[in-house]
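Observations on the model geometry
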Amino acid sequence: MTLDPDNAQAAIEYCYDQGWSDGLPVVPASRPLVDAFLAQTRRSPKEVIGRNKQVDRECTVELAAINAAMAGCRPEYFPVVLAAWEALMRDRAAGGGGWQSTSGPAPLIVVNGPVRTRLGFNCGGGVFGPGYRPNATVARAIGLIVRNVYGILPGVLEQATQGLPGRWSICLGENEEESPWPPLAVAAGQPEGTSAVSAMLLRTCEFVDNRHTQDPEQVLWDIADTISRTGSLIFRDTSAGVVFGPEHAQLLGKSGFSREDVQAWLVEHCGRTRAQLRRAGKDGVGENGVRFADGTTDPDDETFEPILPSPQHVPVMVAGSRNAAMSMVVRVFGLWSGQAVPVEGVR
Amino acid sequence: MVNAILDPTGGAAGARLGVALASPRARLEGATIGLLENTKHNAALFLEELGRLLVDRYGAAGVLARTKRAFALPVPDELLEEIAGSCQAVVIGVGDCGSCSGSAVADGVAFERRGIPAAVICTDAFAVTADAMAALRGAPGYRYATTAHPVAVLTPDEVRKRAEETLPQVVEILAGGQG
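Chains are numbered independently. Their residues run from 1 in the order of the written sequence. All chains are assigned letters beginning at A, and all ligands numbers beginning at 1, according to the order in which they are written. The model is predicted, so local features are restricted to residues of pLDDT at least 70 and side-chain atom pairs to those at 80 or more, both for listing and for counting; the totals for chains, interfaces and linings are taken over all residues. As a rule here, side-chain values cover all heavy atoms of the structure and leave hydrogens and water aside.

A few words on the overall build of chain B. What counts as a helix is a DSSP run of H or I of at least four residues, what counts as a strand is a run of E of at least two, and both are numbered from the N terminus. A count of helices and strands for chain B gives five helices and five strands. Helices and strands in chain B line up, N terminus first, as β-α-β-α-β-α-β-α-β-α. Each radius of gyration reported is based on C-alpha atoms, and the globular scaling rule is 2.2 Å times the count of residues to the power 0.38. Relative to its length of 179 residues, chain B is compact, with a C-alpha radius of gyration of 17 Å against a globular reference of 16 Å. For the C-alpha atoms alone, the extent of chain B along its principal axes is close to 75 × 35 × 30 Å. Put simply, chain B has 179 residues, and 52% of those count as buried. Contact definition: two residues touch when any of their heavy atoms are within 4.5 Å. In chain B, the proportion of contacts linking residues at least 24 apart, taken out of those at least 6 apart, comes to 80%. The protein chains shown are the only cover counted for residues, whose accessible areas, like all others here, come from Shrake-Rupley with a 1.4 Å probe. Here chain B has roughly 7500 Å² of accessible surface; of this, 53% comes from carbon and sulfur atoms. For the purpose of counting charges, residues Lys and Arg are taken to be positive, whereas Asp and Glu are taken to be negative. His and the chain ends are not included. Each charge is placed at NZ for Lys, CZ for Arg, CG for Asp and CD for Glu. When the 16 basic and 20 acidic side-chain charges of chain B are each reduced to a single mean position, those positions are 2 Å apart. Burial here depends on accessible area, computed with a 1.4 Å probe over protein chains only, as a share of the maximum for the residue type. Under 20% is buried, over 50% is exposed, and the range in between is partly exposed.

Pasting the structure below:
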């Protein structure tokens, strides 16, 4: 068979003309291709898997399959897309106004279990991307569903002020093999060995590069300093997760820190003094929980205000290469559901 | 055989309910005005001041102030019924963010359909969203009141001034200029 680039290009341009693309070329979806996706699930094509009250639209399994195909997924990725979508449906911010928000949040999708290796999800070097088809296309599929099925288009119903790097492209396989802790999906309620997907919305990510200490608390203090920035404080409290690189995670693990210990340490130590909050115009907290410039705080008030109220506000996972001691602070939008969704087995 | 390219959108958006603005428009004199604020910073004061002006200058009988807790979502049915059951007009706002501007307009259209003239306040930065939501709700061209963005940073006196400047638009929308 001779492949026909001219026909392929014409089909891609057709999809652009319909407004179906996120800016990059999509794979034009045909009936046989979408049927191959649908063959990967026992769920009915007509089953409704998402409903957005604001725009009064519903997403079905069939529409998700079309968009996953267009995103460049292989059919066997489709159960992971469905699990990622379901995990996002359990996220309060995504079910609220998250997709339309001026904050323009990006889903962080985390894949655990045997499905990672079976489908080739990257869990190691360069895990935030790009370069790996499963990671790149599963995340993109979510973005195409929001755009095409819900009709939430950038600049119209989607009102991101600046957006952020990585929207619709962050999907991590957890590096379970080099993590000292149980998989995130286990912490999120699934049995050991389950293929499952967790998801949350992010405002952004920020690296913590700390390669020259053997003291686990120095690493945690460095991470706490990044988490504690006032810029991300909108409400009284905030959420921030950590995607530990294996080297930092192993240092902590070897020093006796469990995941829960790390979460508790960060809840205790992340925050700012009232004087620092005043300086940034965020010392007041209104009835709606929103911070504002109260101005009545004593400029020398050294009272410490913690900003992470609970471990659920601090999702902790491990991904990346062990080739350098770096970790990534992820700024979670709202509150992570704390639930992982199992990936349906192939029929 | 050539395969068709499949549509990923599920077809064109709603507009199932058709346009139905409340008619006749409100008679403000003697009316109870619903104020539906959405928890956004300064929204409650903005609406409270508009309510006061409608009472003082247009003879409204009083106001019924209520809060919509989830600013991104449509007004809950019970709250809509409570306001619609005792008010002859409603002021809604302030739509000053991506999700709340759209949902404020959706609420305005819902009240109109229920027969209650509704004036939605959005900041001018969100006109595109407001227009898109009105069309999505089957009310393309639905009129709402705009005020300059931002509102959240204003002092209380500035909010009151802004409310007064918005009053003519609100009266025009609610009463069709008849006061």
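It is worth spelling out the overall build of chain A at this point. Helix and strand counts for chain A come out as twelve helices and 13 strands. In summary, chain A has a C-alpha radius of gyration of 21 Å against a globular reference of 20 Å for 347 residues, a match within 12%. Principal-axis analysis of the C-alpha atoms gives chain A an extent of 75 × 45 × 35 Å. By residue count, 55% of the 347 residues in chain A fall in the buried class. Look at the contacts in chain A between residues 6 or more apart in sequence, and 81% of them connect residues 24 or more apart. Of the roughly 14600 Å² that chain A leaves accessible, carbon and sulfur atoms contribute 51%. Of the charged side chains in chain A, 31 are positive and 39 negative, and the gap between their average positions amounts to 5 Å.

Right, let's get into the packing of aromatic side chains. Here the aromatic set is Phe, Tyr and Trp, taking the six-membered ring for Trp, and pairing holds for ring centres within 6.5 Å; pairs whose planes are under 30 degrees apart are stacked, those over 60 apart are edge-to-face, and all others are tilted. Taken as a whole and assessed by the stated rule, the structure comprises seven aromatic pairs over all chains. With a centroid separation of 5.9 Å and an interplanar angle of 65°, the aromatic rings of Phe37 of chain A and Phe78 of chain A are classed as edge-to-face. Of this pair, Phe37 of chain A sits in helix H2 (residues 31-38) while Phe78 of chain A is found in helix H4 (residues 78-89), placing the two residues 41 residues apart along the sequence. With respect to burial, Phe37 of chain A and Phe78 of chain A carry one shared label: buried. Judged by centre distance (5.5 Å) and plane angle (45°), the rings of Trp99 of chain A and Trp168 of chain A are tilted. Pair noted here: Trp99 of chain A is in the loop between helix H5 (92-95) and strand E3 (106-112) and Trp168 of chain A is in the loop between helix H7 (133-149) and strand E4 (171-173), with a separation of 69 residues, a long-range link. Trp168 of chain A shares its class with Trp99 of chain A; the two are buried. Its guanidinium or amino end placed over the ring of Phe71 of chain B, Lys40 of chain B lies 4.7 Å from that ring's centre, counting from NZ or CZ. Criterion for a charge above a ring: Arg CZ or Lys NZ at most 6 Å from the ring centre, at most 35 degrees from the ring normal.

Our next topic: the nonpolar core. Core analysis: the biggest nonpolar cluster contains 85 residues, and Cys59, Phe78, Val80 and Trp99 of chain A together with Val105 and Phe111 of chain B have the highest contact counts within it. When near neighbours in sequence (up to four residues on either side) are disregarded, Trp99 of chain A contacts Asn52, Leu88, Ala94, Pro107, Val146, Tyr150, Ile152, Glu158, Arg167, Trp168 and Leu201 of chain A. Joining through side-chain atoms within 4.5 Å is the link that ties buried Ala, Val, Leu, Ile, Met, Phe, Trp, Tyr and Cys residues into a set, and such a set is a nonpolar core.

What follows deals with the packing of helix H3 (residues 98-113) of chain B against helix H4 (residues 127-136) of chain B. Residue and element names in this part refer to chain B. Interhelical geometry of H3 versus H4 gives an angle of 40° and a closest axis separation of 8 Å. Relative to H4, H3 is oriented oblique. Crossing geometry of H3 relative to H4 is assigned as right-handed. Contacts between H3 and H4 involve Gly98, Ser101, Gly102, Val105 and Ala106 from the former and Thr129, Ala130, Met133 and Ala134 from the latter. All axes here are fitted lines through C-alpha atoms, helices being fitted over the stretch that makes contact, and every angle between N-to-C directions spans 0 to 180 degrees. Relative orientations are named as follows: roughly parallel for angles under 35 degrees, roughly antiparallel for angles over 145 degrees, roughly perpendicular for angles from 65 to 115 degrees, and oblique for any other angle. By definition, any crossing whose near helix is turned counterclockwise from its far helix by less than a right angle is left-handed, and any crossing with a clockwise turn is right-handed.

Next up on the list: the pattern of salt bridges. Counted as salt bridges are all cases of a side-chain nitrogen of Lys or Arg within 4 Å of a carboxyl oxygen of Asp or Glu. On inspection of all chains with the given rule, the structure shows 30 salt bridges over all chains. In this structure, the salt-bridge partner of Arg229 of chain A is Glu206 of chain A, at a minimum N-O distance of 2.7 Å. With Arg229 of chain A in the loop between helix H9 (216-227) and strand E6 (239-244) and Glu206 of chain A in strand E5 (residues 196-209), this pair connects stretches of sequence that are 23 residues apart. For Glu206 of chain A, a relative accessible area of 24% puts it in the partly exposed group. A salt bridge links Arg114 of chain B to Glu81 of chain B; the shortest N-O distance between them is 2.8 Å.

All names here are of chain A. Here E3 pairs with E5 via seven bridges, running antiparallel. Across the sheet, residue Val111 finds its bridge partner in E5, namely Val197. We treat two strands as partners when DSSP finds at least two bridges between them. The pairing of E5 with strand E13 (residues 341-342) spans two bridges and is antiparallel. Across the sheet, Ala196 pairs through a bridge with Pro342, a residue of E13. With seven bridges connecting them, E5 and strand E12 (residues 326-332) associate as antiparallel partners. Along E12, the bridge assignment pairs Asp209 with Met326.

With that settled, the discussion passes to the pairing of strand E1 (residues 48-52) of chain A. All names here are of chain A. Sheet analysis places E1 next to strand E2 (residues 57-60), joined by four bridges and oriented antiparallel. Counted as the bridge partner of Gly50 is Cys59 from E2. Here E1 folds back onto E2, and the loop between the two strands holds four residues, one of which, Asp56, carries a positive phi near 60°.

Residues and elements named next belong to chain A. Following the sequence through the fold, Ser239 ends up in strand E6. We call two N or O atoms a polar contact when they sit within 3.5 Å, provided that within protein one can donate a hydrogen and the other can accept it, with sequence-adjacent residues counted only if both atoms are side-chain atoms. A polar contact is formed between the side chain of Ser239 and the backbone oxygen of Gly334, at a distance of 2.7 Å. Once residues within four sequence positions are removed from consideration, Ser239 is found in contact with Leu308, His313, Arg331, Val332, Gly334 and Leu335.

A word on the sheet that holds strand E4 (residues 118-123) of chain B. Residues and elements named next belong to chain B. The strand order across the open sheet built from five strands is E2-E1-E3-E4-E5, with neighbouring strands paired in parallel fashion. The sheet is open, and its two borders are formed by strand E2 (62-67) and strand E5 (145-147), each paired with just one other strand. Across the sheet, the axes of successive neighbouring strands diverge by a mean angle of 20°, strand direction being ignored. In the sheet, E4 pairs with E5 via three bridges, with the strands oriented parallel. In the strand pairing of E5, Cys122 is matched with Thr146.

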